[in-house]
Structure formats: C-alpha cells, structure tokens
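# Geometric and topological summary
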Amino acid sequence: MKITLHMLATLIVVGMLSGGALSLVNDHAAPLIAENERKERDAAIAFLVPGGTPTEMVNAEGLTAWEVLNGETSLGWVIQYAGIGFQAEIKTMIALDSERKDVRGVMVITDSETPGLGTWIRLSGEQKEALLASDSRDLGDEVGIAQNFPLQFFGFGGGQHLSAAGDLKVVKGKTRAQLGTSEVQAITAATISSVAVTDIVNAAVIKLDRLLAGQGGV
Amino acid sequence: MAKKQTPIGTEFMKGLWDQNPVLKALLGLCPTLAVTTSAMNGVGMGVATTFVLVCASLLISLVRKAIPTQVRIASFIVVIATFVTIVDLEMKALFPAMSKSLGAFIPLIVVNCLILGRQEAFASKNNPFRSIVDAVGMGLGFTLTLTVLGAVRELLGNRTMFGFQVLPDAFEPWIVMILPAGAFLTLGFMLGAVNTITHRREQAAIATRRAASLTVKEA
C-alpha cells in the first residue's frame, strides 16, 4: 500500500511540475509564434499581390481569403488553404485576379515533400527574385522545366494564366506551347506532389466561391 | 570497498568516440537519417537533442532517489517529453525557419532511445555533475556525427556547405544524396570508416601488448 501511494504521488508531482513548466513556456512562446505566422502570411500576401492592403473577406472551414485593395480598387485575391501532400499537409497561399477568373500565383508555405523532388513545388529564392524583377510576372519561357513547377501558376507565356474555375488537371510530357489554361505540367518523379498542389488550388477556388455565395456574393 | 569511478575526462570523451551514440551504439537513427539533408539541419537537431539530454539528465540525477523503481520509466518519459515540448515551442518562437526545416522530428526527440537510454543507464545511477558531463559528451558526439553526415550529403547533393556554394556549377549534384538512400549510403560509409579505424587500433594495441610480453619473458 505504501509503495502504491509513493508511486501515485511521484507520478502526480511529476505530471503537475511538467504541466506547470509547459504552461509558463507556452505563455512566453505563443505570442511569438503567432507573430511569426502573421509576418510570414503578410509577406506572402505582399509578394503575391503587391501594392495593396489585404482585407479579410472569408475565414471559415479551414480557408482564409483576403481581397487586396488599393483604395477602392481590387488588385486581386489571396487564399490560404491546405491539403494533403505526399507525406503530410501542404499549406499554400494562392493568388487570384480581381475577378477570381485566373490564378496569378501559388506559394507553398509549409510542406514535408521529398527533398530534391517533391520540394520543387516550393518557390526558390532565385525564382522569387526573377518574379519580382518581371513586371508581368510571366516567366513563360521557364515553364516546362521540372524545377520551375511553381512558375506556371504565375503565368505561362503570352499573357496566359491558369484558370481559377477549379478545373485544373495535371499533365505530363507536354511542351509549353501544348499546355492549355487548365493544364499544369507535373514535376518529373513527383507527380503526387504536383497533383496535391493542383488539387489544393482547385478545392480552394471552389470553396471560396461557395463561401462567398453563402455570404451573399462579392 | 567503494567502486572505483571512471575519470571525468573519460566520461566526457566516451560519447565522442568509444560509445558514440550513432557510430558505435546505433542509437537515434531515425532523426540521424531523416533530417541530415544539410549540415545546418544536423547542427539544429544535435543542439536540440543535447539540450533535452542535458536538462533531463540533470533533473533525473537530482531526483533519482525519490522516484520508485516501478514508475521510473514513466517519470523519465514525462520529464523528457516536457523538455522536448519546451524546445519545440521555443524553436517555433525564436527560430521558425529551423523549426520548419526539422519538422516533426523535434517532437519525435521524445522517443529518441539515446535520451531514455542515458537516463536509465547513467543519470539514474550517478550524481548530477557526472550526469551532466556524460550528457554533454553524448550530445556532442551526436551533434558532430549529424553535422558531418549532413555536410557530406549537402555538399554532394546540393554543392553547398552550410548554405554556401562550395563546389563549382560544373559539378552535377548527386540528387540521391539528399534522398533517404543518400542518408543510408553516407552513414554506411561512416560506420565502415569508424569500424576500420577501431579495428586497426585494436590490432595495434594487441601487437603492442604482445611485444611488451615478449620483452618481459626475454628479460
């Protein structure tokens, strides 16, 4: 009986001390973590639709959407949405034009895809710099190369953009000239990651339309 | 008669070579293979693991006499999990890029058998000072191994070292090195090298003892 009480008391004390310590650390860390997430989100919005002020329009069912406004003028939309990738969740930021008809960019914020293959769904530093240096953000000549998978969401030459009707599908082995506005060229040897990002974009635009319609339309 | 204690210097150094957790004991191989796609990831995981190891060893050696044997493993796990959660939260708050890069492997330090193994084998039987020395030595051995493994993979798989390009553009990166297969290959070569060195040292020691024995007989 004595040893049982000793065991119980030990576990209770260890558990209480652990809970107390974690509570203190969480009080310190939680605001910093929230601030980091906010900074990352704001930087992604500013990159995808520059020059405006984001106004949150929808925050429901795991989807958050901002309309980026310059005064009264809409510059575009940014959606934060996540889906399942090859190994774990992929969190993305998706840019649409002001009428929500075209996709104007996709940034993967968080993923656990295969290094060297699936990780090509992310925008690299060099790609970001190239996009920032381009007025049209349309690096069409670069589309069709596996490492440049994310660039096709920004435009694939001649002012063409991918459709935001939720009908994007992944294709393989096509040249840039053969690609249509609802076709996304897959990353070689990372089809699952390519399909995952494309499905997230499709699901996000369809869900945004539904949520906005439920609010009375925008 | 009191048991003779190992010198404190030997206690520290054993983690670096003789009982290196990865290269000799093959402990903690999950993070070793999974996160070492770059040297910086190796340093980050090593430092996080060392922090948990040192803190858990200190606390457990302090309260070792108060914890009943029957619930010692449960208590050790709660202590380890607490420190791992502290590392996870602080990393997310202060080093978000590193935290993202290491992903789920920070919370998984809880089940790293190196940490539980050192608590059970050492910290629960030794005083706080010796436990800290043991933990720092083991942590340093773990960190160095992960850093070397990550550096080799990053160099051959990405041409860079700690993010800086080292090999020229003419060198075509070996993508396999940053894939899981590259981790197994690199670790295999490292284990082979360590075993070869250990074997040669043992042979040299045997030869020295034989020579000394012959000298004594002749005398």
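Preceding block: the structure.
These lines cover the structure that appears in this document, whether it is placed above or below. (Residues numbered from 1 in each chain as written. Chains lettered and ligands numbered in written order. Predicted model: local features only at pLDDT ≥ 70, side-chain atom pairs only at ≥ 80, totals over all residues. Heavy atoms only, no water.)

### A few points about the sheet that holds strand S5 (residues 103–110) of chain A
Residues and elements named next belong to chain A.
- In space, the 5 strands of this open sheet follow the order S1-S2-S3-S4-S5, with antiparallel pairing throughout. Edge positions in the sheet fall to strand S1 (53–60) and S5, since each has one partner strand and no second. Strand-to-strand twist in this sheet, taken as the mean axis angle between neighbours without regard to direction, amounts to 20°.
- With 7 bridges connecting them, S1 and strand S2 (residues 63–70) associate as antiparallel partners. Among the inter-strand pairings, alanine 60 is bridged to a residue of S2, identified as leucine 63.
- Strand contacts of helix H1 (residues 2–48): S1, S2, strand S3 (73–84), strand S4 (89–96) and S5, with the helix running at about 155° to S5, the strand carrying the most contacts.
- Along the sheet face, helix H3 (residues 191–214) touches S1, S2, S3, S4 and S5 and points at about 125° away from the line of S3. (Pairing = 2+ DSSP bridges. Helix = DSSP H or I, 4+ residues; strand = E, 2+ residues; numbered from the N terminus. Axes fitted to C-alpha atoms, helices over the stretch in contact; angles between N-to-C directions. Contact = heavy atoms within 4.5 Å.)

### Section: the interface of chain A and chain B
- Contact with chain A, which involves 23 residues of that partner, is made by 23 residues of chain B.
- For the pairing of chain A and chain B, the buried interface totals around 1,900 Å² over both sides, and the portion due to carbon and sulfur atoms is 76%.
- Counting every contact that joins chain A to chain B gives 1 salt bridge.
- With a shortest N-O distance of 2.2 Å, lysine 100 of chain B and glutamate 40 of chain A are connected by a salt bridge.
- Between the two partners, chain A and chain B, sit 7 residue pairs in polar contact (both at pLDDT 80 or more).
- Residue assignment for the side of chain A that touches chain B shows that the elements contributing at least two residues are H1 and S5 of chain A.
- With 17 residues, H1 of chain A is the largest single contributor of residues to the side of chain A that touches chain B.
- Split into classes, the residues belonging to the side of chain A that touches chain B amount to 13 nonpolar, 9 polar and 1 charged. (Buried area = accessible area lost by both parts, 1.4 Å probe. Salt bridge = Lys/Arg side-chain N within 4 Å of Asp/Glu carboxyl O. Polar contact = N/O pair within 3.5 Å; in protein donor to acceptor, adjacent residues only side chain to side chain. Nonpolar A, V, L, I, M, F, W, Y, C, P; charged D, E, K, R; others polar.)

### Side note on the packing of H1 of chain A against helix H4 (residues 72–94) of chain B
- Their axes nearest at 8 Å, the elements H1 of chain A and H4 of chain B cross at an angle of 10°. Relative to H4 of chain B, H1 of chain A is oriented roughly parallel.
- Broken down by class, the residue content of the contact of H1 of chain A with H4 of chain B amounts to 15 nonpolar, 8 polar and 2 charged. (Parallel < 35°, antiparallel > 145°, perpendicular 65-115°, else oblique.)

### As for a nonpolar patch on the surface
- A surface patch of nonpolar side chains, amounting to about 590 Å² of accessible area, comprises Met1, Leu5, Leu8, Ile12 and Met16 of chain A.
- Assignment of secondary structure puts leucine 5 of chain A in helix H1. (Patch = residues over 30% accessible without salt bridge, like charges linked within 9 Å, V, L, I, M, F, W, Y side chains within 5 Å. Areas by Shrake-Rupley, 256 points an atom, 1.4 Å probe, with all protein chains shown as cover.)

### Looking at the packing of aromatic side chains
- Across all of its chains, the model carries 3 aromatic pairs over all chains by this definition.
- Ring geometry for phenylalanine 149 of chain A and phenylalanine 153 of chain A: centres 5.4 Å apart, planes at 75°, overall edge-to-face. Both residues of the pair, phenylalanine 149 of chain A and phenylalanine 153 of chain A, belong to the buried class.
- For the ring pair phenylalanine 171 of chain B and tryptophan 174 of chain B, a centre distance of 6.0 Å and an interplane angle of 35° mean the geometry is tilted.
- Taking the relative accessible area as the measure of exposure, tryptophan 174 of chain B reaches 44% and is therefore partly exposed.
- For the cation-ring pair, arginine 100 of chain A lies above tryptophan 77 of chain A, with the distance from its terminal atom to the ring centre recorded as 5.1 Å. (Phe/Tyr/Trp six-rings, centres within 6.5 Å; stacked < 30°, edge-to-face > 60°. Buried < 20%, exposed > 50% of the residue type's maximum accessible area, 1.4 Å probe, protein only. Lys NZ or Arg CZ within 6 Å of the ring centre and 35° of its normal.)

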